[in-house]
Amino acid sequence: MSNIEKLTILLKEEFLPELEESLSELAKYTQSWKATEEDKEEFEELKEMKSYFDNVMKDLSNNNLDEDAASQILEILEEIRLD
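Heads up: these notes are all about the structure in this document. (Residues numbered from 1 in each chain as written. Predicted model: local features only at pLDDT ≥ 70, side-chain atom pairs only at ≥ 80, totals over all residues. Heavy atoms only, no water.)

### Observations regarding the overall build of the protein chain
Point 1. Tallying secondary structure elements over the protein chain gives 3 helices and 0 strands in all.
Point 2. Written out in order from the N terminus, the α and β elements of the protein chain read α-α-α.
Point 3. Judged by the C-alpha coordinates and their principal axes, the protein chain covers about 45 × 25 × 15 Å.
Point 4. Looking at the protein chain residue by residue over its 83 residues, the buried ones come to 29%.
Point 5. Residue pairs at least 24 apart in sequence account for 70% of intrachain contacts in the protein chain once pairs closer than 6 positions are excluded.
Point 6. With the model as given, the accessible surface of the protein chain reaches about 6000 Å², and the carbon-plus-sulfur share is 46%. (Helix = DSSP H or I, 4+ residues; strand = E, 2+ residues; numbered from the N terminus. Buried < 20%, exposed > 50% of the residue type's maximum accessible area, 1.4 Å probe, protein only. Contact = heavy atoms within 4.5 Å. Areas by Shrake-Rupley, 256 points an atom, 1.4 Å probe, with all protein chains shown as cover.)

Given below as structure tokens:
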């Protein structure tokens, strides 16, 4: 399986759904009086991350991503998972 195929599957089936769920939960929480500035910053960072990976998905759909770029993004995703 190519890196492009691995990346597509990982983003569609695992990473983006989890990210959307986290965003949804944080969106509700950041609207409460308990939310700290740090919570709000984390929410903004997750929104930026989602936007980035939505663009990656567009590039994958349009065949605008090569194997090397896909490999680098897979490495980034692995680092994110370890955090």
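That was the structure; now back to the text.
### Notes on a negative patch on the surface
Point 1. A surface patch of like charges, here negative, comprises Glu 37, Glu 38, Glu 41, Glu 42, Glu 45 and Glu 48.
Point 2. Of note, Glu 42 is situated in helix H2 (residues 37-61).
Point 3. A residue is classified by how much of its surface remains accessible, and Glu 42, at 39% relative accessible area, is partly exposed. (Patch = residues over 30% accessible without salt bridge, like charges linked within 9 Å, V, L, I, M, F, W, Y side chains within 5 Å. Salt bridge = Lys/Arg side-chain N within 4 Å of Asp/Glu carboxyl O. Lys, Arg positive; Asp, Glu negative; His and termini not counted. Charge placed at Lys NZ, Arg CZ, Asp CG, Glu CD.)

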